[in-house]
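Analysis of the macromolecular model
Next come the chains, spelled out residue by residue.
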Amino acid sequence: MVHIYKMGQKNIVMDIYSGAVHVVDDCVYDILGLLGPDSFTKEQSCPVDILEKLRETYTADQVEEAYEEICELVDEHMLYTNDIYKEVAKDWHKKSYIKALCLHVAHDCNLRCKYCFASTGSFEGTRGIMNAETAKRAIDFLVQNSGERHNLEVDFFGGEPLMAFDTVKQTVLYARSIEKQYDKNFRFTITTNGILLDDEVEAFINEHMSNVVLSLDGRREINDEMRGRGSYDKIVPKFQKIAEDRHQTNYYIRGTFTAKNLDFANDVLHFADLGFKQTSVEPVVEDEPGHDYEIKSEHLPQIFDEYEKLAFEYVKRKKEGNGFNFFHFMVDLNQGPCIVKRMSGCGAGHEYVAVTPEGDIYPCHQFVGNHDFVMGNVYTGDFNQEIKERFEKSNVYTKRKCDNCFAKFYCSGGCSANAYKFHKDIDEPYEMACEMEKKRTECAIYIAAELASKE
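This section reports on the structure supplied with the text. (Residues numbered from 1 in each chain as written. Predicted model: local features only at pLDDT ≥ 70, side-chain atom pairs only at ≥ 80, totals over all residues. Heavy atoms only, no water.)

Looking at the nonpolar core
- If you look at the biggest cluster of nonpolar residues, it comprises 117 residues, and the most contacted ones within it are Leu103, Phe156 and Phe186.
- Sequence-distant contacts of phenylalanine 156, defined by excluding residues within four places in its chain, comprise Leu103, Val105, Pro161, Val168, Thr171, Val172, Phe188, Thr189, Ile190, Thr191 and Met209.
- Among the nonpolar cores identified, the runner-up in size contains 21 residues, and Val24, Tyr58, Tyr67 and Val74 belong to it. (Core = buried A, V, L, I, M, F, W, Y, C linked by side-chain atoms within 4.5 Å. Buried < 20%, exposed > 50% of the residue type's maximum accessible area, 1.4 Å probe, protein only. Contact = heavy atoms within 4.5 Å.)

Structure (structure tokens):
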């Protein structure tokens, strides 16, 4: 399977199963658009009907040469390669150990963002703060269910986790105290809206957190409409300080775009103009229609245009030496993660779980509040193997909508929580997210091609 498209001045050809990406001339591009995968063999010349169709655009020698180039790529297994992953999927017997924990230390928040998937921090339940004992039990659960994995991750999440800063501190110190005993290495991250950031909190974060996600929606008017008037001015100076103190690495400014700011490229560029080098802006996901911020299918053309606009400016700034990173544009053309990772994604429910302030275990932070997905509790030590196995079995080959999708090994089948939210089936991807992922992938490949260009 191949995917061909034009962007900017580039003709791009992606070979899905080898991961090869080719920037080709117009003649090669046009031939690929006219012939199928079984038409390219070195033993024969370019078909006469193709020569006839292209004769007003190219000379016969140009077409024959382009056809020969394509045949060579096919022969070198860099174009129209066979699906090597299908055989892996047939014998899919993944046996996972937990390696990452999303610790919901606060089911409460000091902001009331209109679009919040977590019901402004309550997760459709009772507002509350996780005590240190529950957090320590969660760490013990992670250790006991991590097998021989040495590196473990703990993400402090909410709501607003800094509302439970004492619990965060005690959890980190407890985990560090047992690392040598169990031959583990903990990597901590935290997501915060920044309201409670001060020098003491920042110092602790910079000492102990491998990564920090700084939540801000964009320009002042966009941010304050969704998060509350004055929140932008309170937060931005604190975020600029922590980004600089962390030497512009190991953090992300993370925003959400809605129907209110479909021109979200301007928000990403606003982050860059504020001096932030690590950025991410995600589309809102709303399964209850009627909200004025809801993204609808008719918005997709404008969203695609924004991703392209952002991609062009992204390349321009990188080449000028004042670039920044945008999460969705950072792809590894060397195939990056292993086969299993490319096929199964984030590991929700079997490698990654979330724990609530009461100690209940869920497949991930976005399933929290859906009682059908309670997997156990850190106090009882039980862990629902049936739910775990259901998530273990899920991969791009159990998701029929992924069969002919060129981006499937970049998104690994998409978000299970969103699939369930819209279709009550973790194997039926959420279509809007699919369309945006495909566009982001095209932009990311284009950027890689542009930055690799010697022109």
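Focus: helix α3 (residues 60-75)
- A rise of 1.5 Å per residue sets the reference length of α3, with its 16 residues, at 22 Å; its end C-alpha atoms lie 22 Å apart and thus fit the reference within 8%.
- All of the buried residues along α3 are Val63, Ala66, Tyr67, Ile70, Cys71 and Val74. The buried side chains of α3 occupy one side of the element, clustering within an arc of 145 degrees when seen end-on.
- Taken together, the buried residues of α3 touch α1 (26-34) and α2 (48-54).
- Phi turns positive one or two residues past the end of α3, at histidine 77, with a value near 60 degrees. (Helix = DSSP H or I, 4+ residues; strand = E, 2+ residues; numbered from the N terminus. Expected span 1.5 Å × (residues − 1). Arc of directions from axis to C-beta.)

Thoughts on the sheet that holds strand β1 (residues 2-7)
- Here we have three strands laid out as an open sheet, ordered β1-β2-β3, and antiparallel in their pairing. Looking at which strands have only one partner, the edges of the open sheet turn out to be β1 and β3 (21-24). Adjacent strand axes in the sheet meet at a mean angle of 25 degrees, parallel and antiparallel pairs treated alike.
- Bridging between β1 and strand β2 (residues 10-15) involves six bridges; their strand directions are antiparallel. Across the sheet, lysine 6 pairs through a bridge with asparagine 11, a residue of β2. (Pairing = 2+ DSSP bridges. Axes fitted to C-alpha atoms, helices over the stretch in contact; angles between N-to-C directions.)

Structural notes on the pairing of strand β11 (residues 278-283)
- Counting buried positions over the six residues of β11 gives six, a clear majority of the element.
- On β11, burial covers both faces: Gln278, Ser280 and Glu282 on one face and Thr279, Val281 and Pro283 on the other are all buried.
- One ladder, built from two bridges, connects β11 with strand β12 (residues 325-326); its direction is parallel. When the sheet's bridge partners are listed, glutamine 278 is paired in β12 with asparagine 325.

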